Amino acid sequence: MNFNRLVFIIALGMLLFLFSVSAYSYNSANYTLTNPKIVTGGGKVNSPNYFLDDVTIGKFLSGKIQSQNYTLDAINIDTQLKPNTPIINSVTTPTNISTQAISGTKDADTSIYINGYEAVPLDANTAWSYGVSLTEGNNYFIITSRNIEGIESDSVTVNIILDTTSPAVPTINPVTSPTNTSTQIISGTKEADTSIWINGIERVPINSSSLWLVNISLAEGNNILNITAKDALLNESQITQANILLDTSAPGTPQVTDDGIYTTDSSQLHASWASSDPETGITEYQYAIGTSPGAIDIVDWLSCGLSIDITHTGLNLSQGQSYFISVKAKNGAGDWSNVGLSDGIKINQSTPAIINIQPPNATAGYRDDTINFSVNASDSDGDSLLYQFSIDTQIIQPWQASPDFNWQTSGTNPGIHAIRVEVSDNNGGIAAQDIDTCLFRKPPALPN
Ligand SMILES: [Ca+2]
Ligand SMILES: [Ca+2]
Ligand SMILES: [Ca+2]
Ligand SMILES: [Ca+2]
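Residue numbers restart at each chain and count upward from 1, following the sequence in its written direction. Lettering for chains starts from A, numbering for ligands starts from 1, and both go in the order in which the items are written. In keeping with the model being predicted, local features are shown solely for residues with a pLDDT of at least 70 and side-chain atom pairs are shown and tallied solely at 80 or more, while totals for entire chains, interfaces and linings include all residues.

*Asks:* Lay out the confidence of the model for the protein with the relevant residues and their values.
*Replies:* Do not read the fine detail of predicted coordinates wherever pLDDT is low. Per-residue confidence from the prediction method is given by pLDDT, with values spanning 0 to 100. Per-residue confidence for the protein gives a mean pLDDT of 86; residues scoring 70 or more make up 82%. Any two residues are considered in contact once their C-beta atoms, placed from the backbone, lie within 7 Å. Long-range and interchain partners of residues 1-56, a stretch whose pLDDT sits below 50, account for 82 contacts in this model, where long-range means more than four residues apart. pLDDT under 50 marks residues 69-79. Its contacts with residues more than four places away, or in other chains, come to 26 contacts.

*Asks:* Account for the sheet that holds strand β21 (residues 309-312), naming residues and giving values.
*Replies:* Reading across from one edge, β16-β18-β21 is the order of the 3 strands in this open sheet, with antiparallel pairing throughout. Of all strands in the sheet, those with a lone pairing partner are β16 (255-258) and β21, marking the two edges. Taken pair by pair, the neighbouring strands of this sheet meet at an average axis angle of 20°, ignoring direction. Taken together, the 4 bridges between strand β18 (residues 269-274) and β21 define a ladder with antiparallel strand orientation. The partner of serine 272 across the bridge, within β21, is aspartate 309. Any two strands with at least two DSSP bridges between them are considered paired. To qualify as a helix, a DSSP run of H or I must reach at least 4 residues; to qualify as a strand, a run of E must reach at least 2; elements of each kind are numbered from the N terminus. Throughout, an axis means a line fitted to C-alpha atoms (over the contacting stretch in the case of helices), and angles, computed between N-to-C directions, take values from 0 to 180 degrees.

*Asks:* I'd like a rundown of unusual backbone geometry, residues and numbers included.
*Replies:* Geometrically, the link from serine 177 to proline 178 is a cis peptide bond, its omega value of -5° lying close to zero. You can see proline 178 is positioned in the loop between β9 (156-162) and β10 (183-189). For the bond from glutamine 358 to proline 359, the omega torsion is -10°, close enough to zero to count as cis. Within the element layout of this structure, proline 359 appears in the loop between β25 (353-358) and β26 (363-366). The phi dihedral of asparagine 199 falls on the positive side, at around 50°, and the residue is not glycine.

*Asks:* Outline the sheet that holds strand β7 (residues 127-133), listing residues and values.
*Replies:* The 3 strands lie next to each other as β3-β4-β7, forming an open sheet whose pairing is antiparallel. Looking along the sheet, the strands with just one partner apiece sit at the ends: β3 (87-88) and β7. Judged from the 2 bridges that link them, β3 and strand β4 (residues 99-105) form a sheet pairing that is antiparallel. Its bridge partner being in β4, isoleucine 88 is matched across the sheet by glycine 104.

*Asks:* Outline the nonpolar core, supporting the account with residue identities and numerical values.
*Replies:* In this usage, the nonpolar core is the set of buried Ala, Val, Leu, Ile, Met, Phe, Trp, Tyr and Cys residues whose C-beta atoms join them within 7 Å. Whether a residue is buried, exposed or partly exposed follows from its count of other C-beta atoms within 10 Å of its own C-beta, namely 20 or more, 12 or fewer, or something in between, respectively; the C-beta atoms are built from the backbone. By size, the foremost hydrophobic cluster in this structure holds 18 residues, and its most contacted members are Val256, Leu269, Ala271, Tyr287, Tyr323, Ile325 and Val327. Going through the elements one at a time, β18, β19 (282-290), β22 (322-331) and β24 (345-347) are the ones with two or more residues in this core. Top contributing element to this core by residue count: β22, with 5 residues. With near-sequence residues (within four places) excluded, alanine 271 lies in contact with Val256, Thr257, Asp258, Asp309, Ile310, Ile325 and Ser342. If you look at the next biggest cluster of nonpolar residues, it comprises 10 residues, including Ile357, Val375, Phe389 and Ile435.

Below is the structure:
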């Protein structure tokens, strides 16, 4: 005996259902309800009482209850009273759309109840659909079907998650910019269960972490990064932006200028220079001083910040020695330029002085004679001296160690000629003086 089903039948009495006795078949020994069936027509069962051993089955005829008690040994209801559990088609979850049609299949001649409300009235169809409205977050739908007797199926529950909210804007940790490295790992924080997109490309798939990290490749110049987070529904956060400037070109080699050929001051050296980096500018200069191009034997590399000239004092430099100033520049990305060099400067503590020249200025002489010039000069720093002689800007005696020069005047036109005497200390110091000399034609010899 299926007592539960009996209890169920008792429950029928709570409802407005009509029974047809004729629908039941039974015999005296073992009554069997083969096809419980609703019949239409008036009447009402107020309190049908079905008991295991004492069953009253009501029959409505002409609006009156006609009933009879039966004593049953067993009741075997061979119809499945409870409808099949409805089958729900897959739902879209999570979603950012606030309405959705839930659909599925059901037994024919059943209705669909969703969360206790009749969503689909009883009909003969086996397919059903019902539109639901969603609220932000979880939306649980408990779905049953009921047959005409009001017998309810087992329930099936679906949850549709509505998510229309955008994630919080992600953060980015400070980037290194400018840089001379063409890749960089950037990182920051994000909402859990979001992905990270950079310039429209998903770089971190959705995950539960609140941290993100991406190794990016940089192009020369500015690299503007628009970074957003997206949730599972692709709701997108606002943008956080970073810019990384990649500069792989070093500054131009500094053009270094010292103070000429020589300096008389053996205690200091001065130089100036120019360099530039169009992309990231200059952030530092360093200089050094040595006794040969590129050498740093006098002053090792020293920073002078952004100064574009330097006077290095406190030196004890050697007479006659050349010194070279080296300069290099660093740009904003940390790249150093090639080393620029000055062309060298000598220490020359004094320059030659011409004391006198014989013959003196305004000398006269005859053409075809030889005029002997003799120079008396000195240089207080002890440099040995060289002498050069020119006539009317034409060199006729190149540099020589002798202060004497014998001018053979033959072939030179009569008239006034400028004799230039130059004295060099071979360290850049030069003294010069012009001796105007008038050549006359030599008169014919007097007859004896
Ligand atoms: Ca969201
Ligand atoms: Ca550059
Ligand atoms: Ca120089
Ligand atoms: Ca000198």
